Protein chains: 2
Amino acid sequence: TQQLLSEPTQETPRAQPYRVSTADRSVRKGVTAHSLEDLLHKVRDILMLADKPFFLVLEEDGTTVETEDYFRALAGDTVFMVLQKGQKWQPPSEQRSRYQP
Amino acid sequence: TQQLLSEPTQETPRAQPYRVSTADRSVRKGVTAHSLEDLLHKVRDILMLADKPFFLVLEEDGTTVETEDYFRALAGDTVFMVLQKGQKWQPPSEQRSRYQP
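What counts, and at which threshold
- Residues numbered from 1 in each chain as written.
- Chains lettered and ligands numbered in written order.
- Predicted model: local features only at pLDDT ≥ 70, side-chain atom pairs only at ≥ 80, totals over all residues.
- Heavy atoms only, no water.
- Buried < 20%, exposed > 50% of the residue type's maximum accessible area, 1.4 Å probe, protein only.
- Helix = DSSP H or I, 4+ residues; strand = E, 2+ residues; numbered from the N terminus.
- Pairing = 2+ DSSP bridges.
- Salt bridge = Lys/Arg side-chain N within 4 Å of Asp/Glu carboxyl O.
- Contact = heavy atoms within 4.5 Å.
- Buried area = accessible area lost by both parts, 1.4 Å probe.
- Polar contact = N/O pair within 3.5 Å; in protein donor to acceptor, adjacent residues only side chain to side chain.
- Core = buried A, V, L, I, M, F, W, Y, C linked by side-chain atoms within 4.5 Å.
- Axes fitted to C-alpha atoms, helices over the stretch in contact; angles between N-to-C directions.
- Arc of directions from axis to C-beta.

**Q** Can you break down the pairing of strand 3 (residues 54-58) of chain A residue by residue, with the values?
**A** Residue and element names in this part refer to chain A. Of all 5 residues making up strand 3, 4 are buried, and the element is well covered by its neighbours. Of the pairings in the sheet, the one linking strand 3 to strand 4 (residues 79-84) comprises 5 bridges and is antiparallel in character. The residue of strand 4 that forms the bridge with Phe-55 is Leu-83.

**Q** Summarise the pattern of salt bridges; cite the residues concerned and give the values.
**A** Within the structure shown, the criterion is met by 14 salt bridges over all chains. Its salt-bridge partner being Asp38(A), residue Lys42(A) comes within 3.4 Å of it at the nearest N-O pair. In this pair, Lys42(A) and Asp38(A) both sit in helix 1 (residues 36-46), 4 residues apart, roughly one turn of the helix. On the basis of relative accessible area, Asp38(A) is assigned to the buried category, the value being 18%. A salt bridge links Arg19(B) to Glu60(A); its shortest N-O distance comes to 3.3 Å. Of this pair, Arg19(B) sits in strand 1 (residues 16-21) while Glu60(A) is found in the loop between strand 3 and helix 2 (68-73), placing the two residues in two different chains. The exposed category is assigned to Glu60(A), whose relative accessible area is 56%. Salt bridges linked by common partners bring Glu60(A), Asp61(A), Arg19(B), Arg25(B), Arg28(B), Glu59(B) and Asp77(B) together as one network.

**Q** A description of the interface of chain A and chain B should follow, citing residues and the corresponding values.
**A** Contacts between the two partners involve 11 residues from chain A, matched on the other side by 10 residues from chain B. Both faces combined, the contact of chain A with chain B buries some 930 Å², and carbon together with sulfur accounts for 47% of it. Ionic pairing is found between Lys29(B) and Glu66(A), a salt bridge with its closest N-O pair at 3.0 Å. At the boundary of chain A and chain B, one finds 7 residue pairs in polar contact (both at pLDDT 80 or more). In terms of residues, the side of chain A that touches chain B owes the most to one element, helix 2 of chain A, which gives 3 residues.

**Q** Please provide a residue-by-residue account of the nonpolar core, values included.
**A** Among the nonpolar cores identified, the biggest contains 18 residues, and Leu39(A), Val43(A), Val65(A), Phe80(A) and Val82(A) are the most heavily contacted of them. Filtering out sequence-adjacent residues up to four positions away, Val65(A) remains in contact with Leu36(A), Leu56(A), Val57(A), Leu58(A), Tyr70(A), Phe71(A), Leu74(A) and Phe80(A). Listed in part, the 17 residues of the second largest apolar core include Leu56(B), Leu58(B), Val65(B) and Val82(B).

**Q** Residue-level account of the sheet that holds strand 2 (residues 28-33) of chain A, with values.
**A** Residue and element names in this part refer to chain A. Taken in spatial order, the 4 strands make up an open sheet running 2-1-4-3, and their pairing is mixed. With partners counted over all chains shown, the strands left at the sheet margins are strand 2 and strand 3, one partner each. With strand direction ignored, the average angle separating the axes of adjacent strands in the sheet is 35°. Pairing analysis gives 3 bridges linking strand 1 (residues 16-21) to strand 4, with the strands arranged parallel. Directly across from Val-20, in strand 4, lies its bridge partner Phe-80. Sheet strands in contact with helix 1 are strand 1, strand 2, strand 3 and strand 4, and its direction is about 140° off that of strand 2.

**Q** Describe helix 1 of chain A, with residues and values.
**A** Residues and elements named next belong to chain A. Considered for burial, the residues of helix 1 that qualify are Leu-36, Asp-38, Leu-39 and Val-43. The arc enclosing the buried residues of helix 1, seen along the axis, measures out at 150°, which places them on a common side. In this structure, helix 1 carries Glu-37, His-41 and Asp-45 as exposed residues pointing more than 90 degrees from its buried face. Turning to helix 1, the residues buried within the fold contact strand 1, strand 2, strand 3, helix 2 and strand 4. Just downstream of helix 1, Met-48 is the residue with a positive phi angle, here 50°.

Have a look at this one:
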């Protein structure tokens with residue numbers, strides 16, 4: 001995608017689309033965000049986390065995303081997973097099998 | 001992605017995203033780095049290794065990454081594993097089986 005780079009405000013990059021999943025992969029929502037901070041705010045609203053602590057990992061392999069630098073280096077449409085206290089990333093295959101008797 | 005190569009500062013290539021795992025694969029974090037030296041510094045902070053000696057290997061097969069040349073030749077999003085004294089690379093399959101009774 002081509003982008004004009006003439007805008008004077010480098011601090012607020014164009015919002016990119018991302019996807020956010022719950023830890024059990026039962027809910028997945030689309031959201032746009034300018035920054036990791038922005039995404040964390042929106043995720044709190046969208047998944048109604050109120051003031052519960054949480055963090056974001058990559059849905060594909062559980063990599064923790066903690067810094068704006070790393071966030072900016074990720075592609076748009078990256079799928080994040082929200083992990084709350086006590087929740088752990090699990091590969092999709094193992095998770096699916098838990099629901100099968 | 002096309003990049004302009006006209007910039008005079010060859011010493012600081014654009015930071016690339018990488019992933020860093022602990023030896024037991026229980027922690028995996030995203031980090032950006034300009035060089036192997038930069039990555040080693042950031043890993044020390046991120047994984048709170050203080051002044052303990054460690055080195056980096058490729059998570060997929062335990063290949064030791066020692067030189068800037070080799071580091072630069074790796075793709076962004078490469079997954080590294082941190083090995084401290086006494087730690088050995090193990091394939092994911094063997095490791096996972098240790099957690100199952």
